[in-house]
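Given next are the chains, with one letter for each unit.
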Amino acid sequence: MKGGRKLKKLEKLNLVPILDSVFIFIFFLLMSAQFVDVYEIGSSLPMLKESAEVKDTKDPLNLTLLISKEKIVVQTGLRSIASKTFKSEEKVELKNYLTELKRKNPTENTMILKTDPKVPFHNLVAVIDSTQNSVENKNKLFEQIVFDNSGVK
Amino acid sequence: MKKRFGKRREVEAVDVDITSLLDILTILLVFLLMNYNASDLKLDLTEGIELAESESKIMTKFAPVIQVTKEQKVFINNKEIGRMPASGEMKVLTEKLKLEKSKTEEINKVNKQKLNADLVNLIFDKDMDYQIVQRIMHDSALAGYSQFKFIVKGNY
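Residues numbered from 1 in each chain as written. Chains lettered and ligands numbered in written order. Predicted model: local features only at pLDDT ≥ 70, side-chain atom pairs only at ≥ 80, totals over all residues.

## Considerations on the overall build of chain A
The condition that has to hold: For helices the rule is a DSSP run of H or I covering at least 4 residues; for strands it is a run of E covering at least 2, with both sets numbered from the N terminus onward. A residue is called partly exposed when the number of other C-beta atoms within 10 Å of its own lies between 12 and 20, exposed at 12 or fewer, and buried at 20 or more, with C-beta atoms placed from the backbone. The contact criterion used here is simple: two residues whose C-beta atoms, placed from the backbone, lie within 7 Å are in contact.
Of the regular secondary structure elements, chain A holds three helices and six strands. Along its sequence from the N terminus, chain A presents helices and strands in the succession α-β-β-β-β-α-β-α-β. Within chain A, the fraction of its 153 residues that count as buried is 20%. By sequence separation, contacts in chain A at least 24 residues apart represent 61% of the contacts at least 6 residues apart.

## A few points about the overall build of chain B
Applied cut-off: Each radius of gyration reported is based on C-alpha atoms, and the globular scaling rule is 2.2 Å times the count of residues to the power 0.38.
When you go through chain B residue by residue, the secondary structure sums to three helices and six strands. The linear arrangement of helices and strands in chain B, starting from the amino end, is α-β-β-β-β-α-β-α-β. Relative to a compact globule of 156 residues, whose C-alpha radius of gyration would be 15 Å, chain B shows 26 Å and is clearly more extended. In terms of overall dimensions, chain B has a C-alpha envelope of 90 × 45 × 30 Å along the principal axes. Looking at chain B residue by residue over its 156 residues, the buried ones come to 25%.

## Points about the interface of chain A and chain B
How we decide: Only Asp, Glu, Lys and Arg are considered charged, only Ala, Val, Leu, Ile, Met, Phe, Trp, Tyr, Cys and Pro nonpolar, and every remaining residue, Gly among them, polar.
Contacts between the two partners involve 32 residues from chain A, matched on the other side by 38 residues from chain B. Of the residues forming the side of chain A that touches chain B, the biggest block, seven residues, is contributed by strand E1 (residues 38-44) of chain A. Residues that form the side of chain A that touches chain B fall into these classes: 20 nonpolar, seven polar and five charged.

## Side note on the environment of Glu50 of chain B
All names here are of chain B. On the secondary structure map, Glu50 appears in the loop between helix H1 (19-34) and strand E1 (53-54). Separated by 37 residues in the primary sequence, Glu50 and Ser87 have C-alpha atoms spaced 24 Å apart. With residues up to four places along the chain from it excluded, the contact list for Glu50 reads Asp125 and Lys126.

## Some thoughts on helix H2 (residues 91-110) of chain B
The condition is simple: Working rule for helices: expected span equals 1.5 Å times residues minus one.
In this model H2 of chain B runs 29 Å from its N-terminal to its C-terminal C-alpha over 20 residues, within 8% of the 28 Å that 1.5 Å per residue would give. Structurally, H2 of chain B contributes buried residues whose contacts are with strand E3 (73-76), strand E4 (79-83) and helix H3 (130-142) of chain B.

## Regarding unusual backbone geometry
Of note, the phi angle at Asn62 of chain A is positive, near 45°, even though the residue is not glycine. The backbone of Asn78 of chain B sits at a positive phi, close to 70°, despite the residue not being glycine. Residue position: Asn78 of chain B is located in the loop between E3 and E4.

## Some remarks on the nonpolar core
Which entries qualify depends on this criterion: Note on terminology: a nonpolar core is a set of buried residues of type Ala, Val, Leu, Ile, Met, Phe, Trp, Tyr or Cys, with members joined through C-beta atoms within 7 Å.
Phe121 and Val125 of chain A together with Ile66, Leu122 and Val152 of chain B are the most contacted members of the largest nonpolar core, which totals 46 residues. A total of five residues in this core trace back to one element, the largest contributor, which is helix H3 (residues 121-130) of chain A.

## Brief notes about the sheet that holds strand E3 (residues 71-76) of chain A
Residues and elements named next belong to chain A. Definition in use: Strands pair, by our definition, only if DSSP identifies at least two bridges between them. Axis definition: a line fitted to C-alpha atoms, limited for helices to the stretch in contact. Angles are taken between N-to-C directions and run from 0 to 180 degrees.
Across the sheet, five strands lie side by side as E4-E3-E2-E5-E6; this open sheet has mixed pairing. This sheet does not close on itself; its edge strands, each paired only once, are strand E4 (82-87) and strand E6 (144-148). Each neighbouring strand pair of the sheet contributes to a mean axis angle of 25°, computed without reference to strand direction. Relative to E6, strand E5 (residues 110-115) runs parallel, the two sharing five bridges. Looking across to E6, one finds that Met111 is bridged to Ile145.

## Section: the packing of helix H1 (residues 16-31) of chain A against H1 of chain B
Our working definition: Here is the rule for handedness: rotate from the far helix to the near one, and if that takes an anticlockwise turn smaller than a right angle the crossing is left-handed, while a clockwise turn gives right-handed.
At their nearest, the axes of H1 of chain A and H1 of chain B sit 10 Å apart, and the two run at 35° to each other. For the crossing formed where H1 of chain A meets H1 of chain B, the hand is left-handed. On H1 of chain B, the residues touching Val22, Phe25, Ile26, Leu29 and Leu30 of chain A of H1 of chain A are Leu25, Leu28, Leu29, Leu32 and Leu33 of chain B. Residues belonging to the contact of H1 of chain A with H1 of chain B are distributed by class as follows: ten nonpolar, no polar and no charged.

## Some words on the pairing of E3 of chain A
Remember that side chains alternate between the two faces of the sheet whenever the strand is regular. Residue and element names in this part refer to chain A. Bridge count between strand E2 (residues 64-67) and E3: four bridges; the pairing is antiparallel. Within E3, the position partnered with Thr64 by the bridge is Gln75. Once E2 ends, the chain turns through three residues before running back antiparallel as E3. Bridge analysis of E3 against E4 gives six bridges, and the strand direction is antiparallel. Across the sheet, the residue bridging to Ile72 is Phe86, located in E4. Counted between consecutive antiparallel strands, the loop separating E3 from E4 contains five residues, among which Gly77 sits at a positive phi close to 90°.

Written as structure tokens, this is what we have:
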């Protein structure tokens, strides 16, 4: 049979508008780019408020961390204080212990930090890190941080 | 004089292959989108400050920024205000912060979108002793700031 199919000439896509918008987008992103990933760790001063006296039947957790260069002492309880000591490198063990504490006291989310004046800032940040998320990184541990600035010896 | 126009030769449009350019643009776009930080706080780190690393993923928020360098020079919103005294309060810091707080409160009176007037961002060198951190927090609290946010670097 004679007569082949007529080949349709493909029309060229006009990419100019999309290229324009991509260029503008890139400039916008370049201008607003921040190449250091920065985040924040929060803390707030304890707030005082007047309230009617409520008698606790249960001993509050009163979680307190005494941070020094060499060790971290975790204290719990108000009437009967229990304490456990960790070396400053034992962050995983500390996290496990705090996860267990949170499991036993799910309503508690406050932690008091008593830090030695000579502790470097990055050590403090590392300790705070191990108190924020549980071992499986699923649950929050003790988000409310209160700094007790009386320090530790 | 009569102008003579020669017959113009029709120039055929040259096809420029922009595939590679498009590839580069796409890669750049993806890279920039991955690094995009939606925080409203734009940080300009003072030279010499090394941020502490953290696992935190909480986005920073707009508030006055206090930076303290290794040499204990103090900056508020990138302006140097002096060095930390050997002991006691840093009165300049408290005064400047009070000024910042009143500015924020003035803005809040006009704007519908309220800024947090109790919040201050703190940037310390990672090797800074806690006593300096404590003193800065104390002086900020004297100026009426009750919420402190430590700015850290993501490490994951």
